[in-house]
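# Fold and geometry: a report
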Amino acid sequence: MSTGQLVLSAGVIVLTAAAVLGAQTIRAGRTFASWHVGRPTTTSHRRTPTGAHSTGVRSAPPTVKPPIVTTLPPERVGVTRRRFLNRALTVAFGTFIAQLTMDALAFLWPNLSGGFGTDVNAGNAQDLLDQTINPDGSVTPVFIPEARTYVVPAPGATPLQYVGKDVVAGGVFAVYQRCTHLGCRVPWCQTSEGFECPCHGSKFNSMGEYYTGPAPRSLDRFVASIDGNGDLVIKTGQIIQTPRLSRLNVGYPRGPFCVG
Ligand code: FES
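Report on the accompanying structure. Remember, it's a predicted structure, so these values are computed and weren't measured experimentally.

Parameters at a glance
Residues numbered from 1 in each chain as written. Predicted model: local features only at pLDDT ≥ 70, side-chain atom pairs only at ≥ 80, totals over all residues. Heavy atoms only, no water. Buried < 20%, exposed > 50% of the residue type's maximum accessible area, 1.4 Å probe, protein only. Helix = DSSP H or I, 4+ residues; strand = E, 2+ residues; numbered from the N terminus. Arc of directions from axis to C-beta. Contact = heavy atoms within 4.5 Å. Pairing = 2+ DSSP bridges. Disulfide = S-S within 2.5 Å.

### A closer look at helix α3 (residues 125-132)
- Of all the positions in α3, only Ala125, Leu128, Leu129 and Thr132 are classed as buried. With its buried residues spanning 100° around the axis, α3 presents them on a single face.
- Among the structural elements, β1 (119-124), β2 (142-144), β3 (149-153), β5 (172-176), β10 (221-226) and β11 (231-240) are those in contact with the buried residues of α3.

Laid out in structure tokens, this is it:
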């Protein structure tokens, strides 16, 4: 979970707790007010200093009524410690369930606002192609973090095994960074001009084609296209797998390996 999501989650928890506690407090206040207003009031008799009524007529000694003892229902008695603890537990449990639900929805709901799993705009295709080929003719991929992809140049003619698979667009390939063996991130090695997995030593040429190691196939690639502005669009939700090839389309290695 990213830092932004953590901050958002904490904010949701605090706001939810405050809202529930506020509602409880308001309800308790209303209950007390309605009970207080509904109580009968006692009538006081004003007397003269001698004890007679102000009308001057002596009356019989006042009858002393026994005090009325009323046992209030629990909901009319303020917030006891037990009730407070019950409410706190209810709020905590409700907040936990709400947060759990939000996290589950965030995980399951398709991410349509960009990022890995969606169509990622990698920028102008011609600019990308120019960046991948150095003046001396060597290759350096352009890494697109949002797509977890290396953009590498494709050979002049699209190799037969990629025809009709929409993986070459604007003269480049989009190669997934994930090793096809056990999923390690495969970094680029400039000296050999290929991808070398640091976990178990699988190696691939600049097009991601399998060369050696325990990987069962070449590096995966994504469906790619060029939009109306000439930008490369990498469809990271559509992975294309390619098997090991009997003959590589790009010579490899070009120099010393980075991983022994
Ligand atoms: S994960 Fe790359 S070779 Fe094993």
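Continuing now.
### Description of the sheet that holds strand β9 (residues 210-212)
- An order of β6-β7-β8-β9 is seen for the four strands of this open sheet, with the pairing classed as antiparallel. One side of each edge strand has no neighbouring strand; the edge strands of this open sheet are β6 (188-189) and β9.
- Pairing geometry for β6 and strand β7 (residues 194-196), over two bridges, is antiparallel. In the sheet register, cysteine 189 faces β7, and the bridge partner there is glycine 194.

### Overview of unusual backbone geometry
- Omega for the peptide link from tyrosine 252 to proline 253 comes to -5°, which places this bond in the cis form.
- Position of proline 253 relative to the elements: it lies in the segment after β11.
- Look at arginine 148: it is not a glycine, yet its phi comes out positive at around 50°.
- Structurally, arginine 148 can be placed in the loop between β2 and β3.
- With phi around 60°, aspartate 166 is a residue other than glycine that occupies positive phi space.
- Structurally, aspartate 166 is set in the loop between β3 and β4 (168-169).

### Some remarks on the state of the cysteines
- A full pass over the atoms with the stated rule returns two disulfides.
- Ordering the disulfide-forming cysteines of the protein chain by sequence position, one finds them joined as 1-3, 2-4.

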